[in-house]
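# Working through the structure, step by step
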Amino acid sequence: MENISLEKRIDELTRQLHIAHQDWEEFRHALSHDLKAPLRAVQGFSLILKEDYGSLLDEEANRIIEVIVANANKVKQQIEDLVNLSGMGAKQLNLQDVNMKELAEECLSELLTDEQRAGFEISIGTLDKCKGDVGLLKEVWLQLLKNAIRYSSKKEKPSIEINYSADATSRIYSVKDKGEGFDMEYSHKLFKIFQRLHSYEEFDGAGTGLAFVKRIILKHGGSVWAEATPNKGSCFYFSIPF
Amino acid sequence: MHTYNEVEIVLVEDNPSDAELTIRALKKINLSNHLIHLKDGAEALDFIFARGAYSGRNINHKPRVILLDIKMPKVDGLEVLKQIKEDERTKSIPVVIMTSSREQNDIINGYKLGVNSYVVKPVDFGSFAKAVSDLGLYWILLNEKPIE
């Protein structure tokens with residue numbers, strides 16, 4: 001008797017999950033397809049206005065057109081980020097042994113020229129290999145290191161420390177900087193899409209990087225968190241299960 | 001459009017803004033003189049098969065290229081493509097799908113139905129205009145059409 005009701009319950013949940021998934025796919029399709037044409041029109045016709053009539057308009061009118069175009073571009077980028085982020089759930093992980101130290105090194109050399117690197121104090125500990133999707137884990141390193149570099153840019157002696165530890169269930173990797181840091185009171189906003197803890201004037205960035213990091217690590221069955229002190233720096237951790 | 005028998009580019013696009021942007025890009029490279037803009041799939045089929053409002057057209061006069069949107073009211077782009085490629089009289093007309101989505105299924109089905117090219121419309125207007133003029137130059141000036 002109990003088994004039958006349990007089976008019924010599972011069937012019902014599966015059905016609901018299926019419907020939710022269909023809704024989701026439809027939403028994704030609308031996002032990637034239907035929103036693009038109006039956006040192209042906003043941007044395109046603004047540029048046409050500038051091209052055809054720019055010389056008849058004064059400086060302020062031309063500036064206003066620039067603002068419209070810049071905002072259309074921003075929405076375009078956000079739509080692309082949302083589409084990519086929402087596709088992550090369906091992605092299959094290609095699991096293999098990943099040499100995390102090499103990967104972190106590779107990312108650093110992509111992000112910094114030798115000359116820029118000389119301005120940083122960089123230390124990389126002994127990082128254990130882990131099982132993961134090398135392409136996606138590279139995105140994680142790139143994002144965390146990019147942030148460490150970006151938020152150190154106003155410091156006189158920037159430093160980046162990459163470390164490793166392990167607990168009973170997972171390998172834990174960390175990226176620590178002595179940059180701007182942030183107030184832990186707002187840490188719940190860190191990994192949400194389009195959330196930023198600094199103004200655009202202070203630091204650029206779309207506010208999508210850490211949302212991607214979180215999705216990738218969750219897909220690997222791990223977790224991600226951070227500790228920070230304003231003006232002293234921050235440390236980002238992510239764990240990958242054994 | 002003076003005469004339907006001189007049409008070289010058939011633009012099938014239901015979104016008036018996209019159509020205007022496309023025509024503008026072609027006009028800049030002087031390729032908009034022999035263009036007809038049709039606003040949905042049903043109208044496109046009437047034109048291509050010389051039916052309805054276009055029954056006076058000579059079906060043997062083949063345009064150099066058909067630029068076809070996928071998502072349209074009434075008959076969609078893939079259905080238009082299917083009918084063009086299934087008919088001996090029209091199957092040699094080059095058809096280029098221009099669409100906003102990178103949907104894998106649409107791309108696969110497009111090629112299965114015999115599309116000659118599949119282009120995803122860039123959102124950015126500059127890239128869009130460039131893509132349209134590249135397409136125009138290729139299909140009108142570079143590509144050789146079969147002797148009729």
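Residues numbered from 1 in each chain as written. Chains lettered and ligands numbered in written order. Predicted model: local features only at pLDDT ≥ 70, side-chain atom pairs only at ≥ 80, totals over all residues. Heavy atoms only, no water.

### A word on the overall build of chain B
- Within chain B, the secondary structure is distributed over five helices and five strands.
- Taken against the 2.2 N^0.38 rule, which gives 15 Å for 148 residues, the C-alpha radius of gyration of chain B at 14 Å falls within 12% of a compact globule.
- Projected onto its principal axes, the C-alpha coordinates of chain B cover approximately 40 × 35 × 30 Å.
- Here chain B, with 148 residues, has 51% of them falling under the buried criterion.
- Counting only contacts in chain B whose residues sit at least 6 apart along the sequence, the fraction spanning at least 24 positions is 66%.
- Accessible surface computed for chain B: about 7100 Å², of which carbon and sulfur atoms make up 50%. (Helix = DSSP H or I, 4+ residues; strand = E, 2+ residues; numbered from the N terminus. Rg over C-alpha atoms; globule rule 2.2 N^0.38 Å. Buried < 20%, exposed > 50% of the residue type's maximum accessible area, 1.4 Å probe, protein only. Contact = heavy atoms within 4.5 Å. Areas by Shrake-Rupley, 256 points an atom, 1.4 Å probe, with all protein chains shown as cover.)

### Topic: the overall build of chain A
- Secondary structure assignment for chain A yields seven helices and seven strands.
- Listing the helices and strands of chain A from first to last along the sequence gives α-α-α-β-α-α-β-β-α-β-β-α-β-β.
- The C-alpha radius of gyration of chain A comes to 22 Å, more than 25% above the 18 Å expected for a compact globule of 242 residues.
- With the C-alpha coordinates aligned to their principal axes, the bounding extent of chain A is approximately 75 × 60 × 35 Å.
- Per-residue burial for chain A yields a buried fraction of 39% across its 242 residues.
- Computed over 31 positive and 38 negative side-chain charges, the separation of the two mean positions in chain A equals 3 Å. (Lys, Arg positive; Asp, Glu negative; His and termini not counted. Charge placed at Lys NZ, Arg CZ, Asp CG, Glu CD.)

### Re a nonpolar patch on the surface
- A grouping of Leu49, Tyr53, Leu56 and Leu57 of chain A is seen on the molecular surface, where their side chains present a nonpolar patch of about 400 Å² in accessible area.
- Following the sequence through the fold, leucine 56 of chain A ends up in the loop between helix H2 (36-53) and helix H3 (59-87). (Patch = residues over 30% accessible without salt bridge, like charges linked within 9 Å, V, L, I, M, F, W, Y side chains within 5 Å. Salt bridge = Lys/Arg side-chain N within 4 Å of Asp/Glu carboxyl O.)

### Quick notes on the confidence of the model for chain B
- Averaged over all residues, the pLDDT of chain B is 91; the fraction at 70 or higher stands at 98%.
- Interface confidence for the predicted complex, given as ipTM, is 0.82, next to a pTM of 0.70. (pLDDT = per-residue confidence, 0-100.)

### Quick notes on the pattern of salt bridges
- Overall, the coordinates contain 22 salt bridges over all chains when judged by the stated rule.
- Here lysine 28 of chain B makes a salt bridge to glutamate 51 of chain A, at a shortest N to O gap of 2.1 Å. You can see lysine 28 of chain B sitting in helix H1 (residues 16-28) and its partner glutamate 51 of chain A sitting in helix H2, one on each of two chains.
- Residue classification places glutamate 51 of chain A among the partly exposed positions, given a relative accessible area of 47%.

### Describing the nonpolar core
- One finds Met100, Trp141, Ile162 and Phe238 of chain A to be the most contacted residues of the largest nonpolar core, which totals 41 residues.
- Listed by contribution, the elements that provide at least two residues to this core are helix H4 (100-111), helix H6 (134-150), strand E4 (159-166), strand E5 (170-177), helix H7 (209-219), strand E6 (224-229) and strand E7 (233-241) of chain A.
- Considering every element that reaches this core, the biggest residue donor is H6 of chain A, with nine residues.
- In this structure, isoleucine 162 of chain A is in contact with Ala104, Leu108, Ser123, Ile124, Gly125, Leu127, Trp141, Leu145 and Ser174 of chain A, ignoring residues within four places of it in sequence.
- Within the second largest apolar cluster, 27 residues are counted, among which are Ile48, Val95, Ile97 and Val115 of chain B. (Core = buried A, V, L, I, M, F, W, Y, C linked by side-chain atoms within 4.5 Å.)

### Here's the deal with the sheet that holds strand E3 (residues 65-68) of chain B
All names here are of chain B.
- Across the sheet, five strands lie side by side as E2-E1-E3-E4-E5; this open sheet has parallel pairing. The sheet terminates laterally at strand E2 (35-38) and strand E5 (117-120), the two strands that pair on one side only. The sheet shows a mean angle of 20 degrees between the axes of neighbouring strands, direction not considered.
- Sheet topology note: the strand E1 (residues 9-12)/E3 ladder contains four bridges and is parallel. Looking at E3, one finds that valine 12 is bridged to leucine 68.
- Of the strands in this sheet, E3 and strand E4 (95-99) are in contact with helix H3 (residues 77-86), which crosses E4 at around 175 degrees. (Pairing = 2+ DSSP bridges. Axes fitted to C-alpha atoms, helices over the stretch in contact; angles between N-to-C directions.)

### Re the pairing of E7 of chain A
Residues and elements named next belong to chain A.
- A large share of E7 lies buried, amounting to eight of its nine residues.
- The pairing of E6 with E7 spans six bridges and is classified as antiparallel. The residue bridging alanine 228 from the neighbouring strand is serine 234, located in E7.

### Topic: H3 of chain B
All names here are of chain B.
- Those residues of H3 not exposed but buried are Gly77, Leu78, Val80, Leu81, Ile84 and Lys85. Looking down the long axis of H3, one finds its buried residues gathered within 155 degrees of arc, a one-sided arrangement.
- Of the surrounding secondary structure, the elements contacted by the buried residues of H3 are helix H2 (41-48), E3, E4 and helix H4 (104-112).
- At the N-terminal boundary of H3, the capping side chain belongs to aspartate 76, with an oxygen 3.2 Å from the backbone nitrogen of leucine 78. (Arc of directions from axis to C-beta. Polar contact = N/O pair within 3.5 Å; in protein donor to acceptor, adjacent residues only side chain to side chain.)

### Regarding the interface of chain A and chain B
- With 18 residues of chain A in contact, the opposing surface of chain B contributes 18 residues.
- Both sides together, the interface formed by chain A and chain B hides about 1700 Å², and carbon and sulfur atoms give 55% of it.
- Three residues stand out in chain A for area buried against chain B, namely His33, Arg40 and Phe45 of chain A, and they jointly supply 39% of the buried area on that side.
- The interface formed by chain A and chain B includes five salt bridges.
- Its salt-bridge partner being aspartate 52 of chain A, residue arginine 24 of chain B comes within 2.9 Å of it at the nearest N-O pair.
- One can count eight residue pairs in polar contact (both at pLDDT 80 or more) joining chain A with chain B.
- Looking at the side of chain A that touches chain B, the elements with two or more residues in it are helix H1 (2-33), H2 and H3 of chain A.
- In terms of residue count, the dominant contributor to the side of chain A that touches chain B is H2 of chain A (twelve residues).
- Class assignment for the residues of the side of chain A that touches chain B results in six nonpolar, six polar and six charged. (Buried area = accessible area lost by both parts, 1.4 Å probe. Nonpolar A, V, L, I, M, F, W, Y, C, P; charged D, E, K, R; others polar.)

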